[in-house]
Amino acid sequence: MDIRTMQYFLAIAQEGSFTKAAERLHMTQPPLSRQMRDLEAELGVALFDRGGKGVALTEEGARLKERAQELVDLVGQIKSDMASEASNVMGEVRIACGESDAVAFLAKAAKELQPSHPGITYRLLSGDGDFVADRLDRGAADIGLLVTSSIDNADYGFIEMPAKDTWGVLMAEDAALAARSRVTPEDLANGPLLLPHRASMGSDLMAWFKDKRESLNVVATYDLAYNASRFAREGLGYAVALDGIVDASKGSGLAFRPLAPHLDAHLFLVWSRQRRLTRAAEAFLEAVRDTMGDAAR
């Protein structure tokens with residue numbers, strides 16, 4: 001198994017056809033098919049379902065696709081990093097992000113870095129906190145944006161972001177609680193709730209409910225606030241979420257009300273201490289620090 005074989009495999013997975021993949025790779029189909037048979041023999045699993053029209057990935061093939069993409073990306077990143085000079089940094093910065101309005105802060109840093117380092121590009125990976133931590137630990141992301149109360153600094157280097165997100169409730173504009181200016185644990189004790197999946201297993205958010213925690217009526221958990229907001233808009237329940245992620249302005253069909261007592265979410269930009277950052281990632285972090293300094297002045 002080598003990087004070229006992984007590139008061949010990804011071409012087939014993306015094209016859904018050996019013939020189209022061979023054309024894209026500027027080779028004939030027989031050697032491409034032979035390479036894939038050898039790969040399947042080496043791994044001891046079938047990677048393709050060759051029945052019917054086109055080529056579909058088996059369950060094992062789908063798992064390999066994700067890892068193969070990470071491997072190909074990593075090799076490309078190494079090449080870019082080795083070819084970069086300090087004055088001409090190039091390469092891709094992979095940022096795994098939890099949902100937060102603070103992503104706008106990262107975008108500003110990237111914008112300010114662009115004139116001096118136009119060769120730096122970005123891969124934005126989105127998911128919840130478990131997703132971000134997993135991508136960092138596997139080396140599939142260089143930097144992560146985490147919404148959390150603290151960071152284990154033995155595993156991660158980190159920058160605490162200057163902004164904090166505010167917890168509140170997304171609901172249909174005509175929902176009963178939309179008439180309130182703030183929402184208390186008592187307000188939510190019996191109402192149908194949509195909670196962040198990770199937070200539902202224990203967090204500062206769950207601690208906010210205090211003695212009402214055991215009586216919560218959770219009808220759904222979610223990973224992405226936008227999806228939860230669609231359910232809330234239809235009246236399924238009240239989605240506890242961070243402010244600024246979903247449009248809840250007048251006429252949007254949604255309303256947002258902050259929690260009372262007030263609850264902030266702390267934000268951290270983190271990276272693994274077990275892996276050396278690329279020059280592109282280091283340049284981006286420096287731009288973040290500069291942007292933070294400008295914001296403080």
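Throughout what follows, the structure given in this document is the object of discussion. These numbers come from a predicted model, not from an experiment. (Residues numbered from 1 in each chain as written. Predicted model: local features only at pLDDT ≥ 70, side-chain atom pairs only at ≥ 80, totals over all residues. Heavy atoms only, no water.)

**Points about the side chain of threonine 166**
Positionally, threonine 166 belongs in strand β7 (residues 165-172). Separated by 3.4 Å, the side chains of threonine 166 and aspartate 264 make a polar contact. Residue contacts for threonine 166: discarding those within four places in its chain leaves Ala241, Leu242, Asp243, Phe256, Pro258, His262, Leu263 and Asp264. (Helix = DSSP H or I, 4+ residues; strand = E, 2+ residues; numbered from the N terminus. Polar contact = N/O pair within 3.5 Å; in protein donor to acceptor, adjacent residues only side chain to side chain. Contact = heavy atoms within 4.5 Å.)

**A closer look at the packing of helix α1 (residues 3-15) against helix α2 (residues 18-25)**
At a closest axis distance of 8 Å, the pairing of α1 and α2 adopts a crossing angle of 125°. Our classification of the angle between α1 and α2 gives oblique. Along this stretch, α1 crosses α2, giving a crossing that reads as right-handed. Here Tyr8, Ala11, Ile12, Gln14 and Glu15 of α1 lie close against α2, whose contacting residues are Phe18, Lys20, Ala21, Arg24 and Leu25. (Axes fitted to C-alpha atoms, helices over the stretch in contact; angles between N-to-C directions. Parallel < 35°, antiparallel > 145°, perpendicular 65-115°, else oblique. Left-handed = near helix turned anticlockwise from the far one by under 90°.)

**A word on the sheet that holds strand β5 (residues 143-147)**
The strand order across the open sheet formed by five strands is β4-β3-β5-β13-β6, and the pairing between neighbours is mixed. Both edges of this open sheet fall to β4 (120-126) and β6 (156-160), since each of them pairs with a single strand only. Here the strands of the sheet are splayed against their neighbours by 25° on average, with no regard to which way each runs. Against the sheet, helix α5 (residues 103-113) makes contact with β3 (91-97), β4, β5 and β13 (267-272), and its axis sits at roughly 170° relative to β4, the strand it touches most. Along the sheet, helix α6 (residues 129-138) makes contact with β3, β4, β5, β6 and β13, crossing β5 at roughly 155°. (Pairing = 2+ DSSP bridges.)

**Some words on the environment of glutamine 35**
For glutamine 35, the position within the fold is in helix α3 (residues 29-43). In this structure glutamine 35 comes out as partly exposed when scored by relative accessible area, which is 30%. Discounting residues that sit within four places of it in the chain, glutamine 35 has contacts with Thr5 and Tyr8. (Buried < 20%, exposed > 50% of the residue type's maximum accessible area, 1.4 Å probe, protein only.)

**Focus: the nonpolar core**
Buried together is how nonpolar side chains tend to be arranged in soluble globular proteins. One finds Leu106, Leu269, Phe284 and Val288 to be the most contacted residues of the largest nonpolar core, which totals 27 residues. Not counting residues up to four positions away in its chain, the partners in contact with leucine 269 are Leu106, Ile143, Gly144, Leu145, Gly157, Phe158, Ile159, Met161, Leu285 and Val288. (Core = buried A, V, L, I, M, F, W, Y, C linked by side-chain atoms within 4.5 Å.)

**Observations regarding a nonpolar patch on the surface**
Together, Val219, Phe231 and Leu236 make up a nonpolar patch on the protein surface, roughly 250 Å² of accessible area in all. Within the fold, phenylalanine 231 resides in helix α9 (residues 225-233). (Patch = residues over 30% accessible without salt bridge, like charges linked within 9 Å, V, L, I, M, F, W, Y side chains within 5 Å. Areas by Shrake-Rupley, 256 points an atom, 1.4 Å probe, with all protein chains shown as cover. Salt bridge = Lys/Arg side-chain N within 4 Å of Asp/Glu carboxyl O.)

**What about the packing of α1 against α3?**
Relative to each other, α1 and α3 sit at 110°, their axes nearing to 10 Å. Comparing the axis directions of α1 and α3 gives the class roughly perpendicular. Taking contact as the criterion, the partners of Thr5, Met6, Tyr8, Phe9 and Ile12 in α1 are, on α3, Leu32, Gln35, Met36 and Leu39. Grouping the amino acids of the contact of α1 with α3 by side-chain chemistry returns seven nonpolar, two polar and no charged. (Nonpolar A, V, L, I, M, F, W, Y, C, P; charged D, E, K, R; others polar.)

**A closer look at the pairing of strand β8 (residues 192-196)**
Put simply, side chains in a regular strand alternate between the two faces of the sheet. Summarising burial for β8: four of the five residues are buried, a large majority. Here β8 runs beside strand β9 (residues 217-222); their pairing, made up of five bridges, is parallel. Looking at the pairing, proline 196 lines up with tyrosine 222 of β9. Pairing geometry for β8 and strand β10 (residues 238-242), over two bridges, is parallel. When the sheet's bridge partners are listed, leucine 193 is paired in β10 with tyrosine 238.

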